[in-house]
Amino acid sequence: MPDITLINPADETTLRTITHTTVEEVDDAVRHAMSAQRAWAALAPADRAAALRQFALTVGDAIEELAWLEVRNSGHPISQARWEAGHVRDVLNYYSAAPERMIGKTIPVAGGIDVTFLEPLGVVGVIVPWNFPMTIAAWGFAPALAAGNAVLLKPAEWTPLTALRLGQLALDAGLPEGLFQVLPGRGDVVGERFVAHPGVRKVVFTGSTAVGKRVMAGCAEQVKAVTLELGGKSANVIFADSDLEKAAATAPYAVFENAGQDCCARSRILVERSVYDRFLELLEPAVQGVRVGSPGDDGTEMGPLVSKTHIDRVSSFVTDDSRVAFRGSAPSGPGFWFPPTVLLPESRTDRAVTDEIFGPVVTVQPFDDEADAIAQANDSVYGLSGSIWTRDIGRALRVSRGVESGNLSVNSHSSVRYSTPFGGFKQSGLGRELGPDAASAFTETKNVFISTD
Ligand code: NAD
């Protein structure tokens, strides 16, 4: 019997049904993965590199197919979905260079030589949320495979289609059976089994902070390695000396991209008090200019929210009591549509300011000076991302160092490049993904002393 029926969030039509993986099937997959991993790790590094390059090529040939799957399953605008599929290819290409660069050290010691090896962990479980189904999966599986591990990937319940297709593409590319398996299913079944199964040696979890804490506690039982990429409530800090026109024109895209379902969304705009009113005047046309509509149209910039459950949650943050400054547009009719919304909260403790909304809702608040800007930016349990707008390079650096966050951008809103590290401070996470060191995060360092006596 199928366990979940997938709904197209743009028109509420039924897509297809998916049968969920059982605990027994997870256990079979772990056994299969353990044996595939031993053979994979024993291959010559250049052969593992070539296999990953082939996987990248195969994904590259399937970009249109993957992108349209994401449009239908997740409601992502087609231009964004094409970028996401291309990003998976690029991440695979980047880490295909890693197998031949898993370089240990030679350490000077008395009586012999001392060398270190970066040994693969074995089987890695990757648990992914629904907001960026294929890109976040690739951040886990590409470096893990490159380091010589097998990977079990659990997509989110609502958005498994691109992950399932990537599993097939891996086989088409010639990756060995069992090395990379995609197991759709429930978090409290498949996800929890990754945490509890002693054969899974690391869990890479991306999702909510509440579930991440459970995953971390579960991993502690076996002293199992864990990476956590969790929630965010990032600040977009705009000083009076900045290019205010550019800051206002770009601010909507820093929070409303992917309909705000982005852990890096700059969902708190903080503006220096002297330019607060002027900034709001400039922000209004920018918000109203965001093209919200059918995800299949090339010009669409923002699609629907992912599900009925999620739109109900996001709606709870915009009530009759909310001070709404202005809103953008959204289609009427079927689909989980929510217009871009700008709130002017009365207090810094308003739940729209403190809680991750994960939808197209942003707050705008004034600050008095640099110290106040840093204090407000840091007044959160989260610390994932953020932006700083100023023409003063010294201030840009001071504020960048002062904000407790893993990924900051100055006079821009970029957060994710596959070649640079990504991850959060505080309750936004633990560990880093991407960048030059990601493959070694899927290894244990082994030290060997060889006596010359
Ligand atoms: P979620 O925590 O509900 O689910 C994430 C994944 O965990 C899903 O695959 C789910 O099935 C699984 N899961 C649920 N319960 C589990 C359990 N008990 N054990 C193991 N796995 C379990 O999160 P979501 O609603 O899918 O995603 C939204 C959240 O993800 C937001 O908070 C967002 O900020 C966060 N996120 C963080 C990053 C980042 O890199 N920091 C990136 C994207 C999303």
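This text goes with the structure placed above it.
Heads up: these notes are all about the structure in this document. (Residues numbered from 1 in each chain as written. Predicted model: local features only at pLDDT ≥ 70, side-chain atom pairs only at ≥ 80, totals over all residues. Heavy atoms only, no water.)

### As for the site of the ligand
Near the ligand, the surroundings consist of 27 residues, among which Val128, Glu157, Ser208, Leu230 and Glu356 are the closest. One nitrogen or oxygen atom from the main chain of Gly187 is found 3.4 Å from an oxygen atom belonging to the ligand. Glu356 is positioned such that a nitrogen or oxygen atom in its side chain is 2.6 Å from an oxygen atom of the ligand. At the level of secondary structure, the elements contributing two or more residues to the shell around the ligand comprise α7 (187-196), β8 (200-206) and α8 (209-220). Ranked by the residues each element gives to the shell around the ligand, the list is headed by α7, at three residues. Both domains that meet at the shell around the ligand, namely domain 1 (3-230 + 428-451) and domain 2 (235-416), each give it at least three residues. (Near = heavy atom within 4 Å. Polar contact = N/O pair within 3.5 Å; in protein donor to acceptor, adjacent residues only side chain to side chain. Helix = DSSP H or I, 4+ residues; strand = E, 2+ residues; numbered from the N terminus. Domains from an automatic or database assignment.)

### Some points on the pattern of salt bridges
This model, assessed by the stated rule, comprises 21 salt bridges. Note that Arg89 and Asp90 form a salt bridge whose closest N and O atoms lie 3.0 Å from each other. For Asp90, a relative accessible area of 24% corresponds to the partly exposed category. Through salt bridges with shared partners, a single ionic network connects Asp241, Glu370, Arg395 and Arg398. (Salt bridge = Lys/Arg side-chain N within 4 Å of Asp/Glu carboxyl O. Buried < 20%, exposed > 50% of the residue type's maximum accessible area, 1.4 Å probe, protein only.)

### Here's the deal with the packing of aromatic side chains
For any two aromatic rings, the description comes down to two numbers: the centre-to-centre distance and the angle of the planes. Per the counting criterion, the structure on display carries nine aromatic pairs. When the ring of Trp130 is compared with that of Phe358, the centres are 5.4 Å apart and the planes differ by 75°; the resulting orientation is edge-to-face. Note that Trp130 is positioned in the loop between β5 (123-127) and α5 (133-146) and Phe358 in the loop between α12 (351-354) and β14 (361-367), a separation of 228 residues in sequence. Judged by its relative accessible area of 15%, Trp130 is buried. Chaining the aromatic ring pairs together yields one cluster made of Phe55, Phe141 and Phe180. Over the face of the ring belonging to Phe442 we find Lys202, whose NZ or CZ atom lies 4.6 Å from the ring centre. (Phe/Tyr/Trp six-rings, centres within 6.5 Å; stacked < 30°, edge-to-face > 60°. Lys NZ or Arg CZ within 6 Å of the ring centre and 35° of its normal.)

### Details of the environment of Leu15
You can see Leu15 is positioned in strand β2 (residues 14-18). Taking the C-alpha atoms as reference, Leu15 lies 7.8 Å from Arg72; in sequence the two are 57 residues apart. Residues in contact with Leu15, not counting those within four places in the same chain, are Leu6, Ile7, Asn8, Arg72, Asn73 and Leu161. (Contact = heavy atoms within 4.5 Å.)

### Quick look at the environment of Phe367
Here Phe367 shows up in strand β14. Residues Phe367 and Asn258 lie 109 residues apart in sequence; the distance between their C-alpha atoms is 28 Å.

### Quick look at the nonpolar core
Core analysis: the largest hydrophobic core is formed by 71 residues, its most contacted members being Phe55, Leu92, Phe141, Leu153 and Val203. Among the elements that take part in this core, α5 stands out by supplying 10 residues, more than any other. The residues that make up this core include at least three from each of domain 1 (3-230 + 428-451) and domain 2 (235-416). With residues near it in sequence (within four places) discarded, Phe141 still touches Phe55, Val88, Leu92, Val126, Val151, Leu153, Leu166 and Phe180. Leu244, Phe256, Val290 and Phe326 belong to the second-largest nonpolar core, a separate cluster that totals 40 residues. (Core = buried A, V, L, I, M, F, W, Y, C linked by side-chain atoms within 4.5 Å.)

### Regarding the packing of helix α13 (residues 370-378) against helix α14 (residues 393-402)
Taken N-terminus to C-terminus, the directions of α13 and α14 make an angle of 30°; their axes are 10 Å apart at the nearest point. Viewed along their axes, α13 and α14 form a crossing whose handedness is right-handed. Counted together, Glu370, Ile374 and Asn378 of α13 and Arg395, Arg398, Val399 and Gly402 of α14 form the full contact between these two elements. Taken together, the residues that form the contact of α13 with α14 break down as two nonpolar, two polar and three charged. (Axes fitted to C-alpha atoms, helices over the stretch in contact; angles between N-to-C directions. Left-handed = near helix turned anticlockwise from the far one by under 90°. Nonpolar A, V, L, I, M, F, W, Y, C, P; charged D, E, K, R; others polar.)

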